[in-house]
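# Fold and geometry: a report
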Amino acid sequence: MNDLRDLLDNNRRWAAGMVTRSPDFFSGLVAQQAPRYLWIGCSDSRVPANEIVGLPPGELFVHRNVANIVMHNDFSCLSVLQYAVEVLEVEHIIVCGHYGCGGVQAAWEGRQLGLVDNWLRPIRDLALRYRDVLSQLPEPSQRFDRLCELNVLLQALRVCRTTIVQQAWDRGQDLTVHAWVYGLTDGLLRDLDFSVSDVASTETEFERAVGLDAPRT
Ligand code: CO
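Okay, so let's go over this structure. From a predicted model like this one, the values you see are computed outputs, not experimental measurements.

## A word on the overall build of the chain
A count of helical and extended segments in the chain gives 11 helices and 5 strands. A globule of 217 residues ought to have a C-alpha radius of gyration of about 17 Å, and the chain, at 19 Å, matches this closely. Of the contacts made within the chain by residues no fewer than 6 positions apart, 62% connect residues no fewer than 24 positions apart. Element-wise, carbon and sulfur atoms account for 51% of the exposed surface of the chain, whose accessible area totals about 11700 Å². Across the chain, the centroid of the 20 positively charged side chains sits 5 Å from that of the 28 negatively charged ones.

This is the structure we're talking about:
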């Protein structure tokens with residue numbers, strides 16, 4: 001318990017600082033949240049979602065898991081997505097991966113870490129699928145970086161393929177899905193040039209952004 005004392009002390013200072021700057025800050029948030037953005041990112045402690053985009057509490061709805069994977073049978077991720085799209089009516093979904101991702105690296109190298117190997121299997125399959133393209137890159141670090149990017153693009157594609165997002169577009173809802181990657185070494189976000197707002201352009205946007213055929217599953 002004593003080990004956590006610092007965290008609780010930090011929290012008291014943070015809350016007091018927020019009230020000093022904006023006396024109504026917490027009472028304003030209690031009424032309701034109205035974020036415009038859903039963030040789907042990696043659990044990595046070095047990629048704190050709100051902090052790197054400079055957004056305070058209340059402005060970013062967040063789902064994070066190991067290696068920012070979107071599985072169509074993951075009720076946690078799908079529930080976040082459904083609530084964000086249908087109840088909060090977010091306007092943007094940002095799938096954000098990062099270079100140096102331990103999950104991507106473990107999948108790439110086929111390292112055995114336990115249960116998480118099963119979770120990371122889609123990235124291993126992705127690496128095998130695009131093996132020829134990746135092997136054309138001269139440096140191992142370039143291949144690893146590219147696989148991190150391909151993983152983000154694949155997961156963004158999967159978001160677009162969910163019934164939740166497709167039905168929102170059918171209703172005419174204003175909703176755009178983006179793919180970003182974060183650099184641990186410089187703290188900067190890169191837009192991977194995948195920005196989709198309708199069913200019709202989903203597959204072609206992916207193929208244009210990646211330069212390769214979209215996987216069918
Ligand atoms: Co990661």
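## A closer look at the packing of aromatic side chains
Taken as a whole, this structure holds 4 aromatic pairs when the rule is applied. With centroids separated by 5.1 Å and ring planes inclined at 85°, the aromatic side chains of F25 and F26 adopt a geometry described as edge-to-face. Among the residues examined, F26 registers a relative accessible area of 29% and is labelled partly exposed. Where W39 meets W180, the ring centres are 6.5 Å apart and the plane angle is 80°; that geometry is what we call edge-to-face. In this pair, W39 sits in strand 1 (residues 37-42) while W180 sits in strand 4 (residues 176-182), placing the two residues 141 residues apart along the sequence. Taken together, the aromatic side chains of W14, F25 and F26 make up a single cluster linked through ring pairs.

## Considering the environment of R161
On the secondary structure map, R161 appears in helix 9 (residues 140-161). On a C-alpha basis, the gap between R161 and V199 in space is 8.1 Å, while along the polypeptide they are 38 residues apart.

## Things to note about unusual backbone geometry
One non-glycine residue, A67, lies in the positive phi region at around 70°. Relative to the helices and strands, A67 resides in the loop between strand 2 (60-65) and helix 4 (75-87).

## A few points about the pattern of salt bridges
Applying the stated criterion across every chain yields a total of 9 salt bridges. The partner of R161 in a salt bridge is E203, with the nearest N and O atoms 2.7 Å apart. Placement of the pair is R161 in helix 9 and E203 in helix 11 (residues 202-210), with a sequence separation of 42 residues. By relative accessible area, R161 is classed as buried at 18%. Judged by its relative accessible area of 24%, E203 falls in the partly exposed class. Where R190 meets D186, a salt bridge forms, and the shortest distance between an N and an O atom there is 2.6 Å. According to the relative accessible area criterion, R190 is partly exposed, its value standing at 30%. According to the relative accessible area criterion, D186 is partly exposed, its value standing at 36%. Salt bridges sharing common partners tie together D193, E205 and R208.

## Topic: the coordination of the cobalt ion
Coordination sphere of the cobalt ion, protein contribution only: C42 (SG), H98 (NE2) and C101 (SG), at 2.0 to 2.3 Å. On the basis of relative accessibility, which here comes to 7%, the residue C42 falls in the buried class.

## Some thoughts on helix 4
Inspection of helix 4 places C77, L78, V80, L81, A84 and V85 among the buried residues, and these make up the whole buried set. Within helix 4, the buried residues cover an arc of 160° as seen down the axis, which keeps them to one side. For helix 4, the secondary structure elements touched by its buried residues are strand 1, strand 2, strand 3 (92-98), helix 9 and helix 10 (163-170). Near the N-terminus of helix 4, the side chain that reaches the backbone nitrogen of S76, with its oxygen 3.0 Å away, is that of D74.

Rules and cut-offs
Residues numbered from 1 in each chain as written. Predicted model: local features only at pLDDT ≥ 70, side-chain atom pairs only at ≥ 80, totals over all residues. Heavy atoms only, no water. Helix = DSSP H or I, 4+ residues; strand = E, 2+ residues; numbered from the N terminus. Rg over C-alpha atoms; globule rule 2.2 N^0.38 Å. Contact = heavy atoms within 4.5 Å. Areas by Shrake-Rupley, 256 points an atom, 1.4 Å probe, with all protein chains shown as cover. Lys, Arg positive; Asp, Glu negative; His and termini not counted. Charge placed at Lys NZ, Arg CZ, Asp CG, Glu CD. Phe/Tyr/Trp six-rings, centres within 6.5 Å; stacked < 30°, edge-to-face > 60°. Buried < 20%, exposed > 50% of the residue type's maximum accessible area, 1.4 Å probe, protein only. Salt bridge = Lys/Arg side-chain N within 4 Å of Asp/Glu carboxyl O. Donors = N, O, S within 2.8 Å, 3.2 Å for Na, K, Ca; no water. Arc of directions from axis to C-beta. Polar contact = N/O pair within 3.5 Å; in protein donor to acceptor, adjacent residues only side chain to side chain.

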